[in-house]
Amino acid sequence: FKAASAAIEGKKGEAGVDGVGSLFDKIEGVKDLPGTVDLDALGQVKQGIEDVQGLLMKSIDDPSSLAPTGGCFAGCADWYGKKVSKKLLRLKDETCSFGDTFSEIVSDASGLMGDLSEAMSTAVPTVTGQVRELIALPQTLEEMASKLQVPADKLMSAVAAIDMKPVERSLDVNPMNAPLDSIAAIKASLSPLAAKAAKAADKISAFARKAPSRIRQAFDIAPCVPITSVAPPAMQQLLEAVKVLEKLDLDPLVNMLKQTSAALEGFDPEEVRRPITSLAETATTETQQLTDMVAKAKAAAGMGVQLQQGLQNVMKLF
């Protein structure tokens, strides 16, 4: 047992498994980040953007609704409405552009965060458990060796009492393959989505700051009546609608994506699979004789118990 422990310990450095454990320590450090993003709030903002788009489309499709009532507007409502409509068209195009981008981000983020949560709750624990159990195998064998330091007449029973299931479990590295591939797929999506979300956040924030003044300017057509004194209902509705954009906060999403992406930056499934598989192959070779020995000891111990019971039954006949 001690010889197998030493051989496997020596292989750890050669196989390059030392960095694997630290990599998964970094990943576990961000496992709770997906829960910091409120997707429902993002969905509400998405709906708000669609409401702004709807109001702009409605206003553009019905220019006559854009003019204030009374004053010099009575005879020029059609002319005024078309002028305002033309200016609002540019706003509508911008809103549709970042609205489509935002919808894509919400959709992609929802799917990715579902995958990420699944990976953090199942895939990562599966791989880290497998990796750490195998890396700890030399220590496990040392602890088994210490249990065999008994008098010679008790050695067989001590060997028979050894449980090799933890050893056998640590040698089977196949369960980590699918989780490794799923983590790699998530990693490939994180960085591009983080950059896209950050860019969209800047664009929407800039639009939200300028939208109220641009809406007022769009309606400020007739010098005879300053728009500040006669505000058309359509303008008030649009000003109220764009307020939802001020509530948009993509920072939690962007930060989560960036931090998780940074934690996975050095992750390569093959850089995990290759050293762990190599170590498992060495460990399998080194522990095979031990597994056979323990199995034989258990069988012998079982036969001894049966023989003792048989003798006791025979003695009862006399």
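Bear in mind the structure is a predicted one, so any value in this text is a computation, not a measurement.

S.K.: Just to check I follow, could you spell out the overall build of the protein for this structure?
M.R.: On a plain count of helices and strands, the protein comes out with 12 helices and zero strands. Going residue by residue from the N terminus, the α and β elements of the protein occur as α-α-α-α-α-α-α-α-α-α-α-α. Across the 318 residues in the protein, those meeting the buried criterion constitute 41%. Total accessible area on the protein stands at roughly 16,900 Å², and carbon and sulfur atoms take up 54% of it.

S.K.: Whenever I open this one, the nonpolar core confuses me. Can you help?
M.R.: What tends to happen in soluble globular proteins is that the nonpolar side chains get buried as a cluster. Counting residues in hydrophobic clusters, the biggest one holds 95 residues, and the most contacted among them are Phe1, Phe24, Leu88, Phe219 and Leu253. In terms of residue count, the dominant contributor to this core is helix α4 (residues 77–135) (19 residues). Apart from residues lying up to four places away in sequence, Leu88 is in contact with Leu56, Ser59, Ile60, Leu66, Ala218, Phe219 and Leu238.

S.K.: Help me understand helix α2 (residues 18–28), please; the structure alone is not making it clear to me.
M.R.: Because each turn of an α-helix spans 3.6 residues, side chains separated by three or four positions end up pointing in the same direction. Along α2, the residues that are buried comprise Val20, Gly21, Leu23, Phe24 and Ile27. For α2, the buried positions fall inside an angular range of 160° around the axis, keeping them on one side.

S.K.: For this particular structure, what's the right way to read the pattern of salt bridges?
M.R.: Opposite charge on two side chains permits pairing when their charged atoms draw close. Summed over all chains, the structure comprises 12 salt bridges. Taking the shortest distance from any N to any O, the salt bridge between Lys243 and Glu240 comes out at 3.3 Å. Among the charged side chains, a salt-bridge network with shared partners connects Asp181, Glu270 and Arg273.

S.K.: For this particular structure, what's the right way to read the confidence of the model for the protein?
M.R.: Caution applies to low-pLDDT parts of the model: their predicted coordinates are not meant to be read in detail. A residue-level look at the protein finds 88% of positions with pLDDT of 70 or above and a mean pLDDT of 81. Taking the mean pLDDT of every element in the protein, the minimum, 75, falls on α2 and the maximum, 93, on helix α5 (residues 137–146). In the predicted structure, residues 304–308 sits below a pLDDT of 50 and forms zero contacts with residues beyond four places in sequence or in another chain.

S.K.: Explain α5 here, please?
M.R.: Within the sequence span of α5, burial applies to Leu137, Pro138, Leu141, Met144 and Ala145. The buried side chains of α5 occupy one side of the element, clustering within an arc of 120° when seen end-on.

S.K.: Looking at this structure, I do not really get the environment of Asp163. What am I missing?
M.R.: Turning to its location among the elements, Asp163 is positioned in the loop between α6 (155–160) and α7 (165–171). Residues Asp163 and Val294 lie 131 residues apart in sequence; the distance between their C-alpha atoms is 8.4 Å. Engagement of the side chain of Asp163 in a polar contact is seen with the backbone nitrogen of Lys165, the distance being 3.1 Å.

S.K.: Can you help me understand the packing of helix α8 (residues 177–219) against helix α11 (residues 251–263) in this one?
M.R.: Angle between the axes and distance between the axes are the two parameters that describe a pair of packed helices. Remark: α8 packs on α11, axes separated minimally by 9 Å, with the N-to-C direction vectors making an angle of 150°. When the axes of α8 and α11 are compared, the pair comes out roughly antiparallel. The handedness of the crossing between α8 and α11 comes out as left-handed. In this structure, α8 contributes Leu190, Ser191, Leu193, Ala194, Ala197 and Ala198 to the contact, and α11 contributes Leu253, Val254, Leu257, Lys258, Thr260 and Ser261. Of the residues assigned to the contact of α8 with α11, the class counts are eight nonpolar, three polar and one charged.

S.K.: In this structure, what is going on with the environment of Thr95? I would like to understand it.
M.R.: Residue placement: Thr95 occurs in helix α4. In this structure Thr95 comes out as buried when scored by relative accessible area, which is 1%. For the pair Thr95 and Phe207, spaced 112 residues apart in the sequence, the C-alpha separation amounts to 8.4 Å. With residues up to four places along the chain from it excluded, the contact list for Thr95 reads Ile49, Val52, Gln53, Leu56 and Phe207.

S.K.: Which parts of the structure should I look at to understand a positive patch on the surface?
M.R.: On the surface, a cluster of positive charge is contributed by Lys83, Lys86, Lys87 and Arg90. Along the polypeptide, Lys83 turns up in helix α4. Judged by its relative accessible area of 42%, Lys83 falls in the partly exposed class.

S.K.: I tried to follow the side chain of Lys92 on my own but got confused; where do I start?
M.R.: Structurally, Lys92 is set in helix α4. By relative accessible area, Lys92 is classed as buried at 15%. With residues near it in sequence (within four places) discarded, Lys92 still touches Leu56, Met57 and Ile60.

S.K.: Can you walk me through the packing of helix α1 (residues 2–15) against α5 in this structure?
M.R.: In the contact formed by α1 and α5, the axes pass within 8 Å of each other and the chain directions differ by 165°. Relative to α5, α1 is oriented roughly antiparallel. The handedness of the crossing between α1 and α5 comes out as left-handed. Between α1 and α5, the contacting residues are Lys2, Ala4, Ser5, Ile8, Glu9 and Lys12 on the first element and Leu137, Pro138, Leu141, Glu142 and Ala145 on the second.

The rules we used
- Residues numbered from 1 in each chain as written.
- Predicted model: local features only at pLDDT ≥ 70, side-chain atom pairs only at ≥ 80, totals over all residues.
- Heavy atoms only, no water.
- Helix = DSSP H or I, 4+ residues; strand = E, 2+ residues; numbered from the N terminus.
- Buried < 20%, exposed > 50% of the residue type's maximum accessible area, 1.4 Å probe, protein only.
- Areas by Shrake-Rupley, 256 points an atom, 1.4 Å probe, with all protein chains shown as cover.
- Core = buried A, V, L, I, M, F, W, Y, C linked by side-chain atoms within 4.5 Å.
- Contact = heavy atoms within 4.5 Å.
- Arc of directions from axis to C-beta.
- Salt bridge = Lys/Arg side-chain N within 4 Å of Asp/Glu carboxyl O.
- pLDDT = per-residue confidence, 0-100.
- Polar contact = N/O pair within 3.5 Å; in protein donor to acceptor, adjacent residues only side chain to side chain.
- Axes fitted to C-alpha atoms, helices over the stretch in contact; angles between N-to-C directions.
- Parallel < 35°, antiparallel > 145°, perpendicular 65-115°, else oblique.
- Left-handed = near helix turned anticlockwise from the far one by under 90°.
- Nonpolar A, V, L, I, M, F, W, Y, C, P; charged D, E, K, R; others polar.
- Patch = residues over 30% accessible without salt bridge, like charges linked within 9 Å, V, L, I, M, F, W, Y side chains within 5 Å.
- Lys, Arg positive; Asp, Glu negative; His and termini not counted.
- Charge placed at Lys NZ, Arg CZ, Asp CG, Glu CD.

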